[in-house]
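What the coordinates show
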Amino acid sequence: MGNIVAIVGRPNVGKSTLFNRLTESRQAIVDEASGVTRDRIYGKSEWNGVRFSVVDTGGYAINSEDQFENAIREQVLIAIEEADVIVFVVDVSTGVTDYDEAVAEILRRKAKNVIIAVNKVDNHQQIPEASYFYSMGLNELFPISAINGAGTGELLDHLVKILPDKGEEEDIELPRFTVVGRPNAGKSSLINALIGEDRNIVTPLSGTTRDSIFTRYNKYGHDFYLVDTAGIRKKTKVHEDLEFYSVMRAIRAIENSDVCLLMIDATRGFEGQDQKIFSLIERNRKGVVVLVNKWDLIEKENNTAKEFEEALKSLTAPYTDYPVIFTSATEKKRIFKALEEALAVYENKSRKVGTSKLNEFLLPIIENYPPPANKGKYIKIKYITQLPASVPSFAFFCNLPQYVKEPYKRFVENKLRQKWNFSGVPMNIFFRKK
Ligand code: GDP
Ligand code: GDP
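Residue numbering note: each chain is counted from 1, following its sequence as written. Chain letters start at A and ligand numbers start at 1, both assigned in the order the entries are written. Per-residue local features are limited, in this predicted model, to residues with pLDDT of at least 70; the limit for side-chain atom pairs, both in listing and counting, is 80 or more; totals at the level of whole chains, interfaces and linings are taken over all residues.

The next subject is the overall build of the protein. Assigned secondary structure in the protein consists of 12 helices and 15 strands. Each residue is classified by how many other C-beta atoms fall within 10 Å of its C-beta atom, where C-beta atoms are placed from the backbone; a count of 20 or more means buried, 12 or fewer means exposed, and values in between mean partly exposed. The buried share of the protein, reckoned over its 434 residues, is 41%. Two residues qualify as being in contact provided that their C-beta atoms, derived from the backbone, are within 7 Å of each other. Within the protein, counting contacts between residues at least 6 apart in sequence, those at least 24 apart form 73% of the total. Put simply, DSSP H or I for four residues or longer makes a helix, DSSP E for two residues or longer makes a strand, and each gets a number counted from the N terminus.

Spatial strand order, β13-β14-β15: 3 strands in an open sheet with mixed pairing. Lying at the two open borders of the sheet, with one neighbouring strand each, are β13 (381-387) and β15 (428-433). Strand after strand, the sheet turns through a mean of 25° between neighbouring axes, direction not considered. As paired elements, β13 and strand β14 (residues 393-398) share 6 bridges and run antiparallel to each other. Paired with T385 across the strands is A395, a residue of β14. When DSSP finds two or more bridges between a pair of strands, those strands are recorded as paired. Helix axes are fitted only over the stretch in contact, all axes being lines through C-alpha atoms; the angle between N-to-C directions runs from 0 to 180 degrees.

Here we take up helix α11 (residues 355-368). The end-to-end C-alpha distance of α11, which contains 14 residues, comes to 20 Å, matching closely the 20 Å that a straight helix rising 1.5 Å per residue would cover. The largest bend in α11 is about 30°, located at L362, with the proline P364 one to four residues further on. Under the convention used throughout, the expected extent of a helix is 1.5 Å for every residue step, that is, one less than its residue count. Note that the bend at a residue is defined as the angle between axes fitted to the seven residues ending at it and the seven residues starting at it.

Now for the site of ligand 1. Only the C-beta atom matters for nearness: placed from the backbone, it must lie within 6 Å of the molecule or strand for the residue to count as near. Surrounding ligand 1, one finds 15 residues, the nearest of these being G14, K15, S16, T17 and I147. If one sorts the elements of the shell around ligand 1 by residue count, helix α1 (residues 15-34) sits on top with 3 residues. Residue type decides the class: Asp, Glu, Lys and Arg count as charged, Ala, Val, Leu, Ile, Met, Phe, Trp, Tyr, Cys and Pro as nonpolar, and the leftover types, Gly among them, as polar. Here the shell around ligand 1 is composed, by residue class, of 4 nonpolar, 8 polar and 3 charged.

Our focus in this paragraph is the nonpolar core. When buried Ala, Val, Leu, Ile, Met, Phe, Trp, Tyr and Cys residues are joined through C-beta atoms within 7 Å, the set is termed a nonpolar core. Residues I86, L262 and V289 are the most contacted members of the largest nonpolar core, which totals 109 residues. The biggest single contributor to this core is helix α7 (residues 243-255), with 8 residues. Setting aside anything within four residues of it in sequence, one finds V289 in contact with V259, L261, Y322, P323, I325, A338, E341, A342, V345 and G424.

What follows concerns the site of ligand 2. Taken together, 15 residues sit near ligand 2, with G186, K187, S188, S189 and S328 positioned nearest. Residue contributions to the shell around ligand 2 peak at 3 residues, all from helix α6 (residues 187-195). Class assignment for the residues of the shell around ligand 2 results in 4 nonpolar, 8 polar and 3 charged.

Before going further, it helps to examine the environment of N399. Relative to the assigned elements, N399 resides in the loop between β14 and α12 (406-419). With 63 residues separating them along the chain, N399 and F336 place their C-alpha atoms 48 Å apart. Setting aside chain neighbours within four positions, we find N399 in contact with I379 and K380.

With that settled, consider the sheet that holds strand β5 (residues 114-119). Across a sheet, paired strands are connected by hydrogen bonds in the backbone, their directions being either parallel or antiparallel. The 6 strands lie next to each other as β2-β3-β1-β4-β5-β6, forming an open sheet whose pairing is mixed. Each end of this open sheet is capped by a strand with a single partner; those strands are β2 (42-47) and β6 (141-143). Each neighbouring strand pair of the sheet contributes to a mean axis angle of 25°, computed without reference to strand direction. As paired elements, β5 and β6 share 3 bridges and run parallel to each other. Following the sheet pairing, A117 is matched in β6 by F142.

Structural data, given as structure tokens:
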């Protein structure tokens, strides 16, 4: 189960510097594997073996008509609602500002787990000044320097201690699916079409995150959980239009599931917000099925669906191997097809290929198309094996792994995808020294 840590605070206190420091090492690994560019909003972190996600709320443009202060207040409220721990960053060089006071007041009233990071304490002499921030009435204050790392170890020690215990995953053996997407794409309509008013099948599982509801679906020979963050059905209209809100929601749902049904609105196309959610799914290494909903509203010619799919995939390239289903949630068109695809993706995600089969298939291909020589050095791949991991991960053992470039990784990934079905599943390709 994913734990989410949100970084809040006013501009320029050092939120994004802290975010980078917390997510650096793991982010590098994730990026190497997926070849996607990092952004400053969302990343993975790990401390003393405890994993969690970090969201930098400052990475969101505030596009509200409200005054700046109100908009920030809104963002803090959303962060409290959706995150497990709030790291409130303040700046030792400015002291406590009015804005800090205002945020502190919200946190005192509403948040359970708060850590204050008094940033820019670059040397020991400044530590006493950090204690002025106790006047905000919040405990657990850590003087840190996001720039040089001082104090961040103590902060992290405390952080992982107060992360809620999410329990073991083994009590959930069924596949977990979630429907994500921008507001008004049709998510609630789909969920209602699937489970209707059958409320007795709603079972909150032990060890699940605060607001997530797992609905067991077992009808028509299918058996799985639908993950619903509170409010997909019971909507809170207040923040609905805020992009930040739907992205925070999506993060929580994505982390709790195996396969995500990303619903987009056919009448609007695949826009920035959809792309952001798609990339969150990919970076979380979860399976994906894209549902192009409200297809009933589209005027169709022979190739309309095909063209839509091509346009979509040109925006997610190089990742294009995933199912796309054209649905109508209100007319109940192809919604069972969507479920079947989600189950197929779940199977693909668990697929294991034996070492001898892998080598029989790949070694001749590699022989014919070896990685290009680098600085006059030839790269020799000796054997390939699938690693035990939650997504299909393959290690290519060779003499000079550092010389293998991204295009060659994609080449072997595509060969694997053509031979075995990994549709809808992110893959990891590693080159390792042997
Ligand atoms: P954000 O707007 O809250 O995300 O703040 P940034 O992370 O962009 O940082 C704002 C400015 O503060 C930048 O110029 C950073 O280099 C600087 N800064 C961040 N952390 C520290 C720190 O620990 N010490 C000092 N001296 N400057 C810092
Ligand atoms: P959510 O915000 O993603 O949960 O979206 P809703 O399920 O609340 O749907 C938003 C609006 O779109 C509602 O008015 C729905 O009736 C409508 N809607 C949802 N799915 C479809 C569809 O497949 N076709 C049409 N024509 N309208 C839809």
